[in-house]
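# Chains, contacts and geometry: an overview
Here are the chains, one letter per residue:
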Amino acid sequence: MSSGTQPTPPESTTDSGGPAARPLFSTPRARPRTLASRPSPSDQPPVRASSAWRDGDAVGRRQFADLGPFALESGGRLPAVRLAYETWGTLDEDGSNAVLVLHALTGDSHVTGPAGDGHPTAGWWQSMIGPGAPIDTERWFVVAPNVLGGCQGSTGPASLAPDGRPWGGRFPLLTVRDQVAAEIRLADLLGIDSWALVIGASLGGLRVLEWAAGAPERVDAIAAIATAAQTSGDQIAGFHTQISAIRADPLYRDGDFYDATDGDGPHVGLGLARQIAHQTYRSAVELDQRFGRIPQGAEDPLEGGRFAVQSYLDHHGDKLARRFDANTYVILTRTMITHDLGRDRGGVAAALAAITARTLVIAVDSDRLFPPAQSQRIADGIPGAVLRTVHSDFGHDGFLIEEQLVGSLVNEFLETGARQRP
């Protein structure tokens, strides 16, 4: 490195914050803290056992759809399902301007809008949706549901089971197909026969593809961003370690922790899972250039202190533990493990070849969670699909950080489709 200071790149909306990298040498330099004296999450307000939205909490912009009893692909059954969702814009009389936005693992229905009652953080894709945005809400009617199994108003592990207690560890296995089946019921209730566009990234992208394969008559166009048609062995291994980190936390209690007091829930395991995942959300180039081997502030790694990159991961682990739910993380990660678009459809190639929706595939060239080769596979398999690659040093999170470029690609795709309509 030629300089003692490091540039700080922009953060994603969902994962913003974190201690800034410090110079390798600075004066005056305080005596390094030891492991015992270093600030830790325990020096902050205690972490709630779960930060899931619960009945009685502020509703914010959420709307709710009761979908009735629900049979699951695994053979399980939910006696009642509710989806929380948000909308923007106005649905045309013929319903032809509806756009479905599907969030990633720790996202929710609050795609755009300020923080406030019911929404502790601002929208996670603020630049993409709104008046004059790439998905212009003066033209399009946008729907964003919280996924089935989520923790922000939709039925999930923190919801009450028929016995009046949270489902917790009893919540049944979900698949991506179950989640899309719930979203199909939501579309029925909203009177939407066909989506002009279904768009999503990462876990949301898995559902985008499932919509196109499982309900082709209801999807005109899709935008599948930084995602895969089938999770790989490497991805399954990474997801498994995250789940294991949560389950290994003695305060996880096999998923039955909702009556625990603040500070007595599985926040350590959830934070560790997030740290493991966050390494795949960013690229090696960014972490090396941004942090390298810089110590965190006055801490000395030779005396038990941390490097700045360790502090960065600690921050993101603690941050997620304060806004999410450990059981939800397990349930949704398991849906990614089982994701296979080709299951019972003759394989992935056959499933992709049968997709009729006009298709945009966006890859991030430095993505190490869903590598570009997986986007290439999708584009090669869907007839007429268009593949665009975003150059970014920020890895998987590039789909959020490179918002102007991603937005321009989505806008171009929508405009092309509008010109092609009779």
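Predicted model only: the values in this text are computed from it and were never measured. (Residues numbered from 1 in each chain as written. Predicted model: local features only at pLDDT ≥ 70, side-chain atom pairs only at ≥ 80, totals over all residues. Heavy atoms only, no water.)

A few words on empty space enclosed by the protein. Under the counting rule described, the total for this entry stands at 5 cavities of 30 Å³ or more. If you add up the space inside the second largest cavity, you get close to 60 Å³. If you go around the second largest cavity, the residues you meet are Leu105, Ser202, Phe239, Gln242, Ala277, Thr280, Tyr281, Tyr329, Met336 and Leu369. Those elements that place two or more of their residues in the lining of the second largest cavity are helix 3 (233-247), helix 4 (267-281) and helix 7 (326-337). Looking at the lining of the second largest cavity element by element, the count peaks at 3 residues for helix 4. For the lining of the second largest cavity, a count of residues per class yields 7 nonpolar, 3 polar and no charged. (1 Å grid on protein atoms, 1.4 Å probe; cavity = no way out; pocket = protein on both sides within 12 Å on 5 of 7 lines; lining within 4 Å. Points joined across faces, edges and corners; volume = space filled by probe spheres on them. Helix = DSSP H or I, 4+ residues; strand = E, 2+ residues; numbered from the N terminus. Nonpolar A, V, L, I, M, F, W, Y, C, P; charged D, E, K, R; others polar.)

The next point concerns the pattern of salt bridges. In total, this model carries 18 salt bridges according to the counting rule given. Of the charged contacts in the structure, one is a salt bridge between glutamate 286 and arginine 290, with a shortest N-O distance of 3.4 Å. With glutamate 286 and arginine 290 both in helix 5 (residues 284-290), this residue pair falls 4 residues apart, about one helical turn. On the accessibility criterion, arginine 290 (4% relative accessible area) is buried. (Salt bridge = Lys/Arg side-chain N within 4 Å of Asp/Glu carboxyl O. Buried < 20%, exposed > 50% of the residue type's maximum accessible area, 1.4 Å probe, protein only.)

Moving on, we get to helix 1 (residues 176-190). An α-helical turn contains 3.6 residues, so a residue and the one three or four places further along point in the same direction. Along its 15 residues, helix 1 runs 21 Å from first to last C-alpha, staying within 8% of the 21 Å computed at 1.5 Å per residue. Among the residues of helix 1, those classed as buried are Val176, Arg177, Asp178, Gln179, Val180, Ala182, Glu183, Leu186 and Ala187. Buried-residue contacts for helix 1 involve strand 1 (63-71), strand 2 (77-88), strand 3 (98-102), strand 6 (141-145), helix 2 (203-214) and helix 7. Residue glycine 191 follows helix 1 closely and has a positive phi angle near 75°. (Expected span 1.5 Å × (residues − 1). Contact = heavy atoms within 4.5 Å.)

The next thing to look at is the pairing of strand 8 (residues 221-225). Of all 5 residues making up strand 8, 5 are buried, and the element is well covered by its neighbours. Along strand 8, one buried face is formed by Ala221, Ala223 and Ile225 and the opposite face, lined by Ile222 and Ala224, is buried too. Summarising the sheet, strand 7 (residues 197-201) and strand 8 pair through 4 bridges and their orientation is parallel. Looking at strand 8, one finds that isoleucine 199 is bridged to alanine 223. Assessed by its sense of winding, the connection that carries the chain from strand 7 through helix 2 to strand 8 is right-handed. With 5 bridges connecting them, strand 8 and strand 9 (residues 358-364) associate as parallel partners. When the bridges of strand 9 are listed, alanine 223 appears paired with leucine 360. (Pairing = 2+ DSSP bridges. Right-handed = clockwise from strand over helix to strand, strands pointing away.)

Judged by nonpolar contacts, the single largest core of 80 residues is most densely connected at Trp195, Val198, Trp211, Ile222 and Tyr329. Per element, the largest residue contribution to this core is 7 residues, and it comes from helix 2. The contact partners of tyrosine 329, leaving out residues within four places of it in the chain, are Leu105, Thr106, Gln242, Ile246, Leu270, Ala273, Arg274, Ala277, Tyr281, Leu320 and Phe324. Trp124, Ala223, Ile362 and Val406 belong to the second largest nonpolar core, which has 31 residues in total. (Core = buried A, V, L, I, M, F, W, Y, C linked by side-chain atoms within 4.5 Å.)

We now examine the sheet that holds strand 8. What the 8 strands build is an open sheet, ordered 1-2-6-3-7-8-9-10; its pairing is mixed. Bordering the open sheet on either side are strand 1 and strand 10 (386-390), each of which pairs with just one other strand. This sheet shows a mean twist of 20° between the axes of neighbouring strands, independent of strand direction. When strand 1 meets strand 2, the two strands line up antiparallel, connected through 7 bridges. Looking across to strand 2, one finds that phenylalanine 70 is bridged to leucine 78. (Axes fitted to C-alpha atoms, helices over the stretch in contact; angles between N-to-C directions.)

Attention now moves to the packing of helix 1 against helix 2. One way to put it is that helix 1 packs onto helix 2 with a least axis distance of 9 Å and a crossing angle of 70°. Judged on the interaxial angle alone, helix 2 and helix 1 are roughly perpendicular. Handedness of the helix 1/helix 2 crossing: right-handed. Here Val176, Arg177, Gln179, Val180, Glu183, Ile184 and Ala187 of helix 1 lie close against helix 2, whose contacting residues are Leu203, Leu206, Arg207, Glu210 and Trp211. (Parallel < 35°, antiparallel > 145°, perpendicular 65-115°, else oblique. Left-handed = near helix turned anticlockwise from the far one by under 90°.)

On average, the protein chain scores 91 in pLDDT, and the residues at 70 or more come to 89%. pLDDT under 50 marks residues 1-42. Its contacts with residues more than four places away, or in other chains, come to 93 contacts. (pLDDT = per-residue confidence, 0-100.)

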